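Chains, contacts and geometry: an overview
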Amino acid sequence: MAKNGDWALTAFPADEYEALLSALLDRGYADVGLSDLDPGQRHMFLRHDVDLSPEKALEFARREAALGVHSTYYFLVSTQFYAVGAAAIRLILEEIIALGHHIGLHFDAEQYSGQPEGLDIFAARECEILELSTRRPVRSISFHRPAPVYLNRSDPIAGRRHCYEPAFFSEIGYISDSNGGWHHGHPLDHPAVTEGRAIQLLTHPIWWCNNKPMSTVETIDRLFGSGCQNLRAALAGSVTAYRQALEKRDN
């Protein structure tokens, strides 16, 4: 695992996440939904922001289901890296839901930075798009790279709860693996955990794909190396001339 404060290396084996969840369960923690968090109880809200890889998110969803815990996966709508309306991504969303998890909107407000007065309108539109893909209501929102103005904001967004409300952010323990490390100490050492108070545990599935220390660049390049193969296969299935050229080259 990346050392505290080391922004250069990422190394989170997926089984280490399972070990962390097991340790929290052993301490009496129970997984609950966002709105069910009680600051004084051993409640944990498990949150995953799906920045780049729905495939990695599905791996996490399967591991959590095997442990009997459930979480919320927040998917981007305004992104160049995947499309929630694509057939392959819809299948991933369907399986995550079938495993007992929930889907929320990962909202990149910077996409609309020049139109702050329309923030709720744009968030509502993105929720509608995600709901069309999941055929389920989107009940909560997380911000992608949240600006300070959104931290501890009490007001809902597009009529939905969001993960940075005081009740979910500053009034309970907030723990994140942002940028590939526990930069504020290991979760089990967090004061909220040692005191038996509620926590929000945020992870990004992209960081949990290494079994040895790698640089951030290596981690992303490795991820998108496999993604390029998937893109090539998709292109071959869509563009006949491209498929024929590949077949000719490879024969």
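Cut-off values and rules
Residues numbered from 1 in each chain as written. Predicted model: local features only at pLDDT ≥ 70, side-chain atom pairs only at ≥ 80, totals over all residues. Heavy atoms only, no water. pLDDT = per-residue confidence, 0-100. Helix = DSSP H or I, 4+ residues; strand = E, 2+ residues; numbered from the N terminus. Contact = heavy atoms within 4.5 Å. Expected span 1.5 Å × (residues − 1). Buried < 20%, exposed > 50% of the residue type's maximum accessible area, 1.4 Å probe, protein only. Core = buried A, V, L, I, M, F, W, Y, C linked by side-chain atoms within 4.5 Å. Axes fitted to C-alpha atoms, helices over the stretch in contact; angles between N-to-C directions. Parallel < 35°, antiparallel > 145°, perpendicular 65-115°, else oblique. Left-handed = near helix turned anticlockwise from the far one by under 90°. Nonpolar A, V, L, I, M, F, W, Y, C, P; charged D, E, K, R; others polar. Pairing = 2+ DSSP bridges. Right-handed = clockwise from strand over helix to strand, strands pointing away. Salt bridge = Lys/Arg side-chain N within 4 Å of Asp/Glu carboxyl O.

1. Focus: the confidence of the model for the chain
- In the predicted model, the chain carries a mean pLDDT of 86, and 86% of its residues have values of at least 70.
- Here strand 1 (residues 9-10) stands out as the element of the chain with the lowest mean pLDDT, 54, in contrast to strand 4 (residues 72-76), whose mean of 98 is the highest.
- For the stretch residues 1-8, pLDDT sits under 50, and the model shows 22 contacts to residues farther than four places along the chain or on other chains.

2. Topic: helix 2 (residues 54-67)
- For helix 2, with 14 residues, the first-to-last C-alpha span of 20 Å sits near the 20 Å given by 1.5 Å per residue.
- Buried residues of helix 2: Pro54, Lys56, Ala57, Leu58, Phe60, Ala61 and Glu64, and no others.
- At the exit of helix 2 stands glycine 68, carrying a positive phi of roughly 80°.

3. Here we look at the nonpolar core
- If you look at the biggest cluster of nonpolar residues, it comprises 66 residues, and the most contacted ones within it are Leu24, Tyr73, Phe75, Ile96, Phe107 and Leu201.
- When sequence neighbours within four positions are dropped, the list of residues in contact with phenylalanine 75 reads Val50, Pro54, Ala57, Tyr82, Val84, Leu93, Ile96, Ile103, Gly104, Leu105, His106 and Leu130.

4. Looking at the packing of helix 2 against helix 3 (residues 87-98)
- Where helix 2 meets helix 3, the closest approach of the two axes is 10 Å, and the angle between their N-to-C directions is 15°. One element, helix 2, and the other, helix 3, form an angle in the roughly parallel class. Here the hand of the crossing between helix 2 and helix 3 comes out left-handed. Facing helix 2, whose interface residues are Pro54, Glu55, Ala57, Leu58, Ala61 and Arg62, helix 3 presents Ile89, Ile92, Glu95 and Ile96.
- Of the residues belonging to the contact of helix 2 with helix 3, the class tally is seven nonpolar, no polar and three charged.

5. Remarks on the pairing of strand 4
- Most of strand 4 is tucked away, with five of its five residues classed as buried.
- Of the two faces of strand 4, both are covered, the one formed by Thr72, Tyr74 and Leu76 as well as the one formed by Tyr73 and Phe75.
- Here strand 3 (residues 43-50) runs beside strand 4; their pairing, made up of four bridges, is parallel. Within strand 4, the residue paired with aspartate 49 across the bridge is tyrosine 74.
- A crossover connection joins strand 3 to the parallel strand 4 through helix 2; in handedness this β-α-β unit is right-handed.

6. Quick notes on the pattern of salt bridges
- One pass over the full model with this rule turns up nine salt bridges.
- Residue aspartate 49 pairs with arginine 47 through a salt bridge whose shortest N-O separation is 2.8 Å. In this structure, aspartate 49 and arginine 47 share a single accessibility class: buried.
- Across the salt bridge formed by arginine 135 and glutamate 94, the nearest N and O atoms sit 3.1 Å from each other. Of this pair, arginine 135 sits in the loop between helix 4 (119-134) and strand 6 (140-143) while glutamate 94 is found in helix 3, placing the two residues 41 residues apart along the sequence.
- Relative accessible area serves as the criterion here: at 33%, glutamate 94 is assigned to the partly exposed category.

7. Remarks on unusual backbone geometry
- Even without a glycine there, the phi angle at arginine 145 is positive, about 45°.
- As for its position among the elements, arginine 145 is in the loop between strand 6 and strand 7 (161-162).
- Phi is positive for asparagine 152, which is not a glycine, with a value near 65°.
- By the secondary structure assignment, asparagine 152 is in the loop between strand 6 and strand 7.
- When its relative accessible area of 34% is taken as the criterion, asparagine 152 is described as partly exposed.

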